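What follows is the residue order along each chain.
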Amino acid sequence: MRCYAFSALSYNGFGPARTFQEVLRSFDDEGLEVSAFSPRLRVRPDNAVKQIQGLSPILRSLPWKHIARHGVARTESRLLDRVLRDSERRCVYTFPDMSPGTIRLLAQAGVPIIREMTNLHRGTARRILSEAYEAEGLPPYSAIDRDSVELETQCLVEMDYVFAPNAEVEKSLVEFGVDQVRILGTSYGWSKARYAFVDEPRKRETGTKLTALYVGRIGYEKGCHHLLRAWSRAGYPGKLVLAGSVEPLFRERMNQELNHDSIELLGFVADMSKTYAS
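In this numbering scheme, every chain counts its residues from 1 along its sequence in written order. It should be noted that, the model being predicted, local features are given only for residues of pLDDT at least 70 and side-chain atom pairs only at 80 or more, the latter also being counted only at that level, while totals for whole chains, interfaces and linings use all residues. In computing side-chain values, all of the structure's heavy atoms are included and hydrogens and water are not.

**Notes on the overall build of the protein chain**
Assigned secondary structure in the protein chain consists of 11 helices and 12 strands. Per-residue burial over the protein chain gives 41% buried out of 278 residues. Shrake-Rupley sampling with a 1.4 Å probe provides the accessible areas, and residues are treated as covered by the protein chains on show and by no other component. By element, 51% of the accessible surface of the protein chain is carried by carbon and sulfur atoms, the whole surface being about 16,000 Å². Between the averaged position of the 38 positive side-chain charges in the protein chain and that of its 35 negative side-chain charges there is a distance of 5 Å. Strands are runs of DSSP state E lasting at least two residues, helices are runs of H or I lasting at least four, and both sets are numbered from the N terminus onward. Each residue is assigned to one of three classes by its accessible area relative to the maximum for its type, calculated with a 1.4 Å probe on protein chains only: buried under 20%, partly exposed between the two thresholds, exposed over 50%. The convention is simple: Lys and Arg are positive, Asp and Glu are negative, and His and the chain ends are not counted. Taken as the charge centre is NZ of Lys, CZ of Arg, CG of Asp or CD of Glu, depending on the residue.

**Considerations on the sheet that holds strand β8 (residues 161-164)**
When DSSP locates at least two bridges between a pair of strands, those strands are taken to pair. Read across the sheet, 7 strands follow the order β5-β3-β1-β6-β7-β8-β9 without closing on themselves; strand pairing throughout is parallel. With partners counted over all chains shown, the strands left at the sheet margins are β5 (50-53) and β9 (183-185), one partner each. Each strand of the sheet is rotated relative to its neighbour by a mean of 25°, with strand direction disregarded. Bridging between strand β3 (residues 33-38) and β5 involves 4 bridges; their strand directions are parallel. Bridge pairing in β5 places Ser35 opposite Lys50. As a rule, the C-alpha atoms of each element are fitted with a line to give its axis, helices using only the stretch in contact, and angles between N-to-C directions run from 0 to 180 degrees.

**Here's the deal with the packing of aromatic side chains**
Stacked, tilted and edge-to-face pairs are distinguished by plane angle, under 30 degrees for stacked and over 60 for edge-to-face with tilted covering the rest, among Phe, Tyr and Trp rings (Trp via its six-membered ring) whose centres lie within 6.5 Å. Scanning the entire structure with this criterion turns up 9 aromatic pairs. With 6.2 Å between their ring centres and 40° between their planes, Tyr4 and Phe37 make a pair best called tilted. Taken as a pair, Tyr4 in strand β1 (residues 2-7) and Phe37 in strand β3 lie far apart in primary sequence, 33 residues in all. In this structure, Tyr4 and Phe37 share a single accessibility class: buried. When the centroid spacing of 5.1 Å and the interplanar angle of 70° are considered together, the rings of Tyr133 and Tyr141 count as edge-to-face. The class of Tyr133 is buried, set by a relative accessible area of 10%.

**Some thoughts on helix α5 (residues 122-135)**
Between its first and last C-alpha, α5 extends 20 Å over 14 residues, near the 20 Å set by a 1.5 Å rise per residue. Along α5, the residues that are buried comprise Arg122, Gly123, Thr124, Ala125, Leu129 and Tyr133. Two residues or fewer after α5 comes Gly137, characterised by a positive phi angle close to 70°. What a helix should span is 1.5 Å times the count of its residues minus one.

**Quick word on the sheet that holds strand β10 (residues 210-215)**
Across the sheet, 3 strands lie side by side as β10-β11-β12; this open sheet has parallel pairing. Two strands in the sheet have a free side with no partner beyond their single neighbour: β10 and β12 (263-267). Across this sheet, the average inter-strand angle for adjacent strands is 15°, counted without regard to direction. By the bridge criterion, 4 bridges tie strand β11 (residues 238-243) to β12 in an arrangement that is parallel. Looking across to β12, one finds that Val241 is bridged to Glu264. Residue contacts follow a heavy-atom distance rule, with two residues in contact if any of their heavy atoms lie within 4.5 Å. Seen against the sheet, helix α8 (residues 224-233) touches β10, β11 and β12 and runs at an angle of roughly 170° to β11.

**Some points on the side chain of Arg115**
Inspection of the secondary structure assignment puts Arg115 in strand β7 (residues 113-116). Discounting chain neighbours no more than four positions away, the residues touching Arg115 are Thr94, Pro96, Asp97, Glu152, Cys155, Leu156, Met159, Tyr161, Val162 and Phe163.

**Describing the pattern of salt bridges**
The term salt bridge refers to a pairing of a side-chain nitrogen on Lys or Arg with a carboxyl oxygen on Asp or Glu at a separation within 4 Å. A full pass over the atoms with the stated rule returns 17 salt bridges. In this structure, Glu22 engages Arg18 in a salt bridge whose closest nitrogen and oxygen atoms are separated by 2.9 Å. Here the residue Glu22 and the residue Arg18 both occupy positions in helix α1 (residues 15-29), the gap between them amounting to 4 residues, near one helical turn. What emerges from the salt-bridge pattern is a single network uniting Arg18, Glu22, Arg25 and Asp46.

**Here's the deal with the nonpolar core**
Taken as a class, soluble globular proteins show a tendency for nonpolar side chains to be buried jointly. Here, nonpolar core means buried Ala, Val, Leu, Ile, Met, Phe, Trp, Tyr and Cys residues that are tied together by side-chain atoms lying within 4.5 Å of each other. Leu79, Val92, Leu106, Leu173, Leu228, Leu242 and Phe250 are the most contacted members of the largest nonpolar core, which has 45 residues in total. The element that contributes the greatest number of residues to this core is helix α3 (residues 64-85), accounting for 4 residues. Aside from chain neighbours lying at most four places away, what touches Val92 is Tyr4, Leu79, Val83, Met98, Leu106, Val111, Pro112, Ile113 and Ile114.

**A word on the packing of α5 against helix α6 (residues 146-157)**
Orientation of α5 relative to α6, taken along the N-to-C sense of each, is 150°, at an axis distance of 8 Å. As far as their axial angle goes, α6 and α5 are roughly antiparallel. Between α5, through Arg122, Gly123 and Arg126, and α6, the contact on the second element is made entirely by Arg146, Ser148, Val149 and Glu152. Of the residues in the contact of α5 with α6, the class split is 1 nonpolar, 2 polar and 4 charged. Reported orientations rely on four angle classes, namely roughly parallel under 35 degrees, roughly antiparallel over 145, roughly perpendicular from 65 to 115, and oblique for the rest. Each residue is assigned to one of three groups, with Ala, Val, Leu, Ile, Met, Phe, Trp, Tyr, Cys and Pro labelled nonpolar, Asp, Glu, Lys and Arg labelled charged, and all others, Gly among them, labelled polar.

Right, here's the structure in full:
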């Protein structure tokens, strides 16, 4: 079977775009004939998947914020053209978002569509984060609006199957009307090739203090205020290393906690394998 995979992300080797390519590696290992459609590739993914870029070579070099909308539209158009001209057995995998118009045309053509849920349904996320922001006395949460929730709900109706990477995602899908039979539980796993040090023997000296590591965006959405307060209640039992960019609002409100002597801020880290190994 041919699998046409779509991502609306600019690939730079990090984050969700990297996850997309790692998932496709596993598809390829299972014998699927995979073609990946992305707006642009800033670096070449280290897998054997055929890569198609939506943007022309000249446009790929421009800042993403200026070309994102055009790039996504061009990528969807190229994918749609390939899929509809293909008379062989095929399916489409979308990671995660695809426009309603493209989804509708694929569904009308009888093409099976599988969507990856990289996070909770937006409706669940909006409810949780709105409550959390209110509890913290923050301005009303607005990153996910009602229109966005409705759009995702409508798009999920057309999906033949939905991949859910954990139980909480499964529950959020059911909460917003996705039939359980269409939800397939999955797991992202990890890449041993990127973290070869795990096979090396490691010793911890007796009496050394705890070193805790947090990796990811540092802000209220990620619950980092709970982490810092828990660290304080524990009596600062060692060193807390935070690897990731700090959101401005979080830095403004939690500046005192972030500046404690036991906390080390690394900022964005390109090669996390070295950080994990240390």
